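Next come the chains, spelled out residue by residue.
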Amino acid sequence: MAQMGRPRTFDRDAAIAQALNLFWEQGYESTSLSQLKAAIGNGISAPSFYAAFGSKEALFQECVAVYLATYAQVTECLWDTNLRPREAVEQALRRSARMQCERGHPKGCMVALGVMSAPSPELSAVTAPLTRSRARTRAGIRASIERAIAAGEFANDVDSRALTTVFDSFLVGLSTLARDGVGLQVMNAAIALVMDVWDRHAVGHIEK
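Residues numbered from 1 in each chain as written. Predicted model: local features only at pLDDT ≥ 70, side-chain atom pairs only at ≥ 80, totals over all residues. Heavy atoms only, no water.

1. Looking at the overall build of the protein
Scanning the protein for helices and strands turns up 9 helices and 0 strands. Element order for the protein, N to C, with α for helix and β for strand: α-α-α-α-α-α-α-α-α. For 208 residues, the compact-globule estimate of 2.2 N^0.38 gives 17 Å, and the protein exceeds it by more than 25% at 21 Å. Along the longest, intermediate and shortest principal axes, the C-alpha atoms of the protein span 90 × 30 × 30 Å. Across the 208 residues that make up the protein, the buried fraction comes to 39%. Considering only residue pairs separated by 6 or more positions, the protein has 69% of its internal contacts joining residues 24 or more positions apart. Carbon and sulfur atoms make up 54% of the accessible area of the protein, which totals about 11400 Å². Counting 22 positive and 21 negative side-chain charges, the protein places the centres of these two groups 5 Å from one another. (Helix = DSSP H or I, 4+ residues; strand = E, 2+ residues; numbered from the N terminus. Rg over C-alpha atoms; globule rule 2.2 N^0.38 Å. Buried < 20%, exposed > 50% of the residue type's maximum accessible area, 1.4 Å probe, protein only. Contact = heavy atoms within 4.5 Å. Areas by Shrake-Rupley, 256 points an atom, 1.4 Å probe, with all protein chains shown as cover. Lys, Arg positive; Asp, Glu negative; His and termini not counted. Charge placed at Lys NZ, Arg CZ, Asp CG, Glu CD.)

Structural data, given as structure tokens:
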């Protein structure tokens, strides 16, 4: 009597890493089950996939959780009150640019690219964690600006919402630049220029 073959096994953490890279590169809606199975490898069957991960959406949420706990931490410095407000914002921009350009994973930021990851309105709940992460980063930038106002580094009449939008839109735009092959050296030079916007609004700044 022929012996039953052992079920195929796989490294779940490695599978999550492969799926994360695929979702990061292509987005949720454009990533198919067959692509996920191929990325995970070891000939995983559809039933085994569902047994391991529940569904494509559940796997995506697990991948997003990993991303937010690792790569997305580059902007958490915005909440570090031990840093001067300007330093916190500049550090967030530079750390994010470096992460988005490094080798070993897709270019750009999964959080920023999440705007188009599942563009259909009915899928908005799928990418809700990414939407919340963008909102948190935006709030962190504004908190840094408001700390600067409270410390007297900015005048009280500085439009914190508008200034937040300047830095937030620049940060989000880095993802497109990274995907288009713009290098870290150029990004860092651009960050130095955008930080001039901060300096121009600082109390005591003198236009040359």
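2. Let's talk about the packing of helix α8 (residues 160–179) against helix α9 (residues 184–201)
Closest axis-to-axis distance for the α8/α9 pair is 11 Å, and the angle between their directions is 175°. In terms of orientation, α8 lies roughly antiparallel with respect to α9. Residues Leu163, Val166, Phe167, Phe170, Leu174, Leu177 and Ala178 of α8 lie in contact with α9, whose contacting residues are Met187, Ala190, Ile191, Val194, Met195, Val197, Trp198 and His201. Here the residues of the contact of α8 with α9 are counted per class, giving 14 nonpolar, 1 polar and no charged. (Axes fitted to C-alpha atoms, helices over the stretch in contact; angles between N-to-C directions. Parallel < 35°, antiparallel > 145°, perpendicular 65-115°, else oblique. Nonpolar A, V, L, I, M, F, W, Y, C, P; charged D, E, K, R; others polar.)

3. Concerning the nonpolar core
Nonpolar side chains tend to gather and get buried jointly when the protein is soluble and globular. Core analysis: the largest hydrophobic core is formed by 28 residues, its most contacted members being Phe23, Leu59, Phe60, Tyr67 and Met110. Those elements that provide at least two residues to this core are α1 (12–26), α2 (33–40), α3 (46–53), α4 (56–69) and α6 (110–113). With 7 residues, α1 is the single largest residue contributor to this core. Beyond its immediate sequence surroundings of up to four residues, Phe23 is in contact with Tyr28, Thr31, Leu36, Lys56, Leu59, Phe60, Cys63 and Met110. Counting 26 residues, the second-largest nonpolar core is a separate cluster that includes Ala97, Ala148, Val158 and Leu171. (Core = buried A, V, L, I, M, F, W, Y, C linked by side-chain atoms within 4.5 Å.)

4. Let's talk about α1
The end-to-end C-alpha distance of α1, which contains 15 residues, comes to 21 Å, matching closely the 21 Å that a straight helix rising 1.5 Å per residue would cover. Turning to α1, its buried residues number three or more, namely Ala15, Ile16, Ala19, Leu20, Leu22, Phe23 and Trp24. Elements that come into contact with the buried residues of α1 comprise α2, α3, α4, α5 (85–101), α6 and α8. Capping the start of α1 is the job of one residue whose side-chain oxygen sits 3.0 Å from the backbone nitrogen of Asp13: Asp11. Positioned one or two residues after α1, Gly27 has a phi angle of 90°, which is positive. (Expected span 1.5 Å × (residues − 1). Polar contact = N/O pair within 3.5 Å; in protein donor to acceptor, adjacent residues only side chain to side chain.)

5. Some words on the confidence of the model for the protein
Averaged over every residue, the pLDDT of the protein is 90; the share at 70 or more is 91%. For the protein, α3 is the element with the lowest average pLDDT, namely 86, and α5 is the one with the highest, namely 98. In this model, residues 1–7 is a region of pLDDT below 50 whose contacts with residues beyond four sequence positions or in other chains number 0 contacts. (pLDDT = per-residue confidence, 0-100.)

6. Details of the state of the cysteines
Evaluation of the coordinates by the stated rule reveals 0 disulfides. Left without a disulfide partner, Cys63 is nearest to the cysteine sulfur of Cys109, which lies 15 Å away. Taking relative accessible area as the criterion, Cys63 reaches 0% and is therefore assigned buried. Taking the relative accessible area as the measure of exposure, Cys109 reaches 12% and is therefore buried. (Disulfide = S-S within 2.5 Å.)

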